[in-house]
Every structure is written in C-alpha cells, then in structure tokens.
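Below are the chains, spelled out letter by letter.
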Amino acid sequence: MEVRKPKIKSIPYEEFKDNASLEKIVDELHEGGVNVITGNLDQLINWGRSNSLWSLTFATSCCGIEFMSVGCARYDFSRFGFEVTRNSPRQADLIMCAGTITHKMAPVFKRLYDEMAEPKYVIAVGGCAISGGPFKSSYNVVMGIDEIVPVDVFIPGCPPRPEAIMYGMMQLQRKVKIEKFFGGANHKQTAEERELGVSNEELTYGKRNPIVVNNVPEEFVDELKKEQEAAK
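Residues numbered from 1 in each chain as written. Predicted model: local features only at pLDDT ≥ 70, side-chain atom pairs only at ≥ 80, totals over all residues. Heavy atoms only, no water.

*Asks:* Explain the packing of aromatic side chains to me, and be specific about the residues and the numbers.
*Replies:* Note on aromatic pairs: each is described by the distance of the centres and the angle between the planes. All told, the structure shown has 4 aromatic pairs when counted by the stated rule. Where Phe 67 meets Phe 77, the ring centres are 5.7 Å apart and the plane angle is 70 degrees; that geometry is what we call edge-to-face. Of this pair, Phe 67 sits in helix 4 (residues 63-71) while Phe 77 is found in the loop between helix 4 and strand 2 (85-86), placing the two residues 10 residues apart along the sequence. Pair check on accessibility: Phe 67 and Phe 77 agree, each one buried. Relative to Phe 82, the ring of Phe 77 lies with its centre 6.3 Å away and its plane at 80 degrees, an arrangement referred to as edge-to-face. Clustering of aromatic rings is evident, with ring pairs tying together Phe 67, Phe 77, Phe 80 and Phe 82. The ring centre of Tyr 113 lies 4.2 Å from the NZ or CZ of Lys 120, which sits over that ring. (Phe/Tyr/Trp six-rings, centres within 6.5 Å; stacked < 30°, edge-to-face > 60°. Helix = DSSP H or I, 4+ residues; strand = E, 2+ residues; numbered from the N terminus. Buried < 20%, exposed > 50% of the residue type's maximum accessible area, 1.4 Å probe, protein only. Lys NZ or Arg CZ within 6 Å of the ring centre and 35° of its normal.)

Written out as structure tokens, the structure is:
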C-alpha cells in the first residue's frame, strides 16, 4: 500500500519535517506582515484546557466563603477561565477542596474524585484541607486530604487570601500546560512506568509533586490592585 506524503503548497516533505526550514518560512511570513503561530497539538489542547478549568463545587467550611469572594467582581477569576463551577463530578476538571474533611465525609470525597474523568486535579485550600488545621488533634478530622487523594496544589492559610487562591490556580495552569497527551498511552506516565503496565492511579497516588503556594509575589498583588483601581 502506497503511503501518500503530505504536501503543503510547494514545501517538500523533507523540508516539512525539518524544523529549521519551517522556522525560516515562518520568519519570512512575519516579515511580510502575516501573523503565524507555530506549535504542536499538545500545546493547543493544553492551552484550551488550562484556560477552561471547571471546578467541582465542594466547600465544607469557612474557606468556601473565601473561594466565593474570588469569583465576585472585586477579583473576578473568570478572566482566567475559572468561573464555571459544576455540581456534577462528571463535568468537572478539578476539586478545589475548601474546608475541613471529617472521617464521615472522606468516603464521599473519595467517591466524587473517582467519578471525575481523567485528567483530574485536586487543590487543597486552607489549613484544614492540608493538615487538619485547628482540628489537627481531633479524632474525627482527616489530617490532610492527601491521605485520601493525590493533591496537585496546596494553598495554605486560615483562610488564604483571594490573591493566594488565584495564584495557586495559576500554578495549576502551569502544570496543565506541560502535560503530554500524544506519543504515550498515558499522559501522566513516563516511558519506564508505561512498561510496567499498571494503572495511572497506582502510579500517581502519593507520587505527584505538588506545588505549595508559600508566598504570593508582591508584583502579582500590586498588579491586581492596579486592575481594581482602574475598574473603579
């Protein structure tokens, strides 16, 4: 069976595979005033996913009020594509756990996580979700949701400021943008892990490298204040 090689106008197949030739053509188009964007399909998919993260409405205590304030007009996280929150885990990309998780609530939390489709993410907001908070020594509170599900971003505080929540969401965007969907069976596995033939849950549970938002850059806070003043 003959395999037909692609042809883009007058570009030979050998030059089409050569990055240097493609970069030269793009530079020539830019000089002529034509806007050209080059990239791969992974970058396009991850750009769309990172700017349309739908979170599951899951707030169990006071940090949920802080999360609500991030969605209001003063901070307006819809600018970054975070504004859509869903009531069904089957329509959500991430769980933003804002509040205390008790042992009675833990099975429900884990069931909601399991019902979400891959790829899925978890953000732990506040001291209660990270380590139990002021209830750390209590018999009925889980000492951090990372005991139940893998966590991608930790946002400490009691409660954390809206700027910290927004900054933590932007760190999750950075993680999403570098994921790989093509060239492998599973975008979260390395080549060595794929050879083992085990599930993604077995590999990632407890092995993720979470991001901890220890401090929010002052430049980020100043930029938000300038935007708020300009909107008045």
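Don't stop here, the text continues.
*Asks:* Let's hear about the sheet that holds strand 3 (residues 94-98): which residues, and what values?
*Replies:* Across a sheet, strands are paired by hydrogen bonds formed along the backbone, either parallel or antiparallel in direction. Spatially, the 6 strands line up as an open sheet ordered 2-1-3-4-5-6, and their pairing is parallel. Only two strands of the sheet have a single neighbouring strand rather than two, namely strand 2 and strand 6 (211-212). Where strand 1 (residues 55-56) meets strand 3, 2 bridges bridge the pair, whose relative direction is parallel. Note on strand 3: the bridge partner recorded for Ser 55 is Leu 94. (Pairing = 2+ DSSP bridges.)

*Asks:* Can you break down the pairing of strand 3 residue by residue, with the values?
*Replies:* Here strand 3 lies mainly inside the structure; 5 of its 5 residues are buried. Every second residue of strand 3 is oriented toward a common face, with Leu 94, Met 96 and Ala 98 on one face and Ile 95 and Cys 97 on the other, all of them buried. For strand 3 and strand 4 (residues 121-125), the ladder comprises 5 bridges, and the chain directions are parallel. The residue bridging Ile 95 from the neighbouring strand is Val 122, located in strand 4. You can see the chain leave strand 3, run along helix 5 (residues 106-115) and come back into strand 4, and the turn it takes is right-handed. (Right-handed = clockwise from strand over helix to strand, strands pointing away.)

*Asks:* Just give me the short version of the environment of Leu 224, but keep the residues and values in it.
*Replies:* Within the secondary structure layout, Leu 224 lies in helix 10 (residues 218-231). Excluding its chain neighbours within four sequence positions, the residues that come into contact with Leu 224 are Arg 79, Glu 163 and Met 166. (Contact = heavy atoms within 4.5 Å.)

*Asks:* Go over the environment of Gly 81, please, and point to the residues and values.
*Replies:* In this fold, Gly 81 is placed in the loop between helix 4 and strand 2. Spatially, the C-alpha atoms of Gly 81 and Asn 51 are 4.8 Å apart, while their sequence positions differ by 30 residues. In contact with Gly 81, not counting residues within four places along its chain, are Asn 51, Ser 52 and Leu 53.

*Asks:* Please give an account of the confidence of the model for the protein chain that cites residues and values.
*Replies:* Of the residues in the protein chain, 76% reach a pLDDT of 70 or more, and the chain-wide mean stands at 76. The secondary structure element of the protein chain with the lowest average pLDDT is helix 9 (residues 200-204), at 50, and the one with the highest is strand 4, at 88. (pLDDT = per-residue confidence, 0-100.)

*Asks:* Break down the side chain of Glu 66 for me, with residues and values.
*Replies:* Checked against the element boundaries, Glu 66 lands in helix 4. Buried charged residue Glu 66 carries no salt bridge. Nearest counter-charge: Arg 161, at 4.9 Å. Here Glu 66 is in contact with Pro 159, Pro 160, Arg 161, Pro 162 and Ile 165, once residues within four sequence places are set aside. (Lys, Arg positive; Asp, Glu negative; His and termini not counted. Salt bridge = Lys/Arg side-chain N within 4 Å of Asp/Glu carboxyl O.)

*Asks:* How would you summarise the environment of Lys 120 if you had to cite specific residues and measurements?
*Replies:* Summarising the element assignment, Lys 120 is placed in the loop between helix 5 and strand 4. For Lys 120, a relative accessible area of 5% corresponds to the buried category. Along the backbone, Lys 120 and Asp 93 are 27 residues apart, and their C-alpha atoms lie at a distance of 5.1 Å. Polar side-chain contacts of Lys 120 include one of 2.9 Å to the backbone oxygen of Tyr 113. Here the side chain of Lys 120 touches Met 116 through a polar contact of 3.4 Å, landing on its backbone oxygen. (Polar contact = N/O pair within 3.5 Å; in protein donor to acceptor, adjacent residues only side chain to side chain.)

*Asks:* A description of the nonpolar core should follow, citing residues and the corresponding values.
*Replies:* Residues Leu 94, Met 96, Ile 123, Val 125, Ile 155, Met 166 and Leu 172 are the most contacted members of the largest nonpolar core, which totals 25 residues. Of all the secondary-structure elements, those providing two or more residues to this core are helix 4, strand 3, strand 4, strand 5 (153-155), helix 7 (162-177) and helix 10. Top element by residues in this core is helix 7. It accounts for 7 residues. Contact partners of Leu 94, with chain neighbours within four places excluded, come to Leu 53, Trp 54, Ser 55, Leu 56, Met 116, Tyr 121, Ile 123, Met 169 and Leu 172. Listed in part, the 20 residues of the second largest apolar core include Phe 109, Ala 129, Val 142 and Val 151. (Core = buried A, V, L, I, M, F, W, Y, C linked by side-chain atoms within 4.5 Å.)

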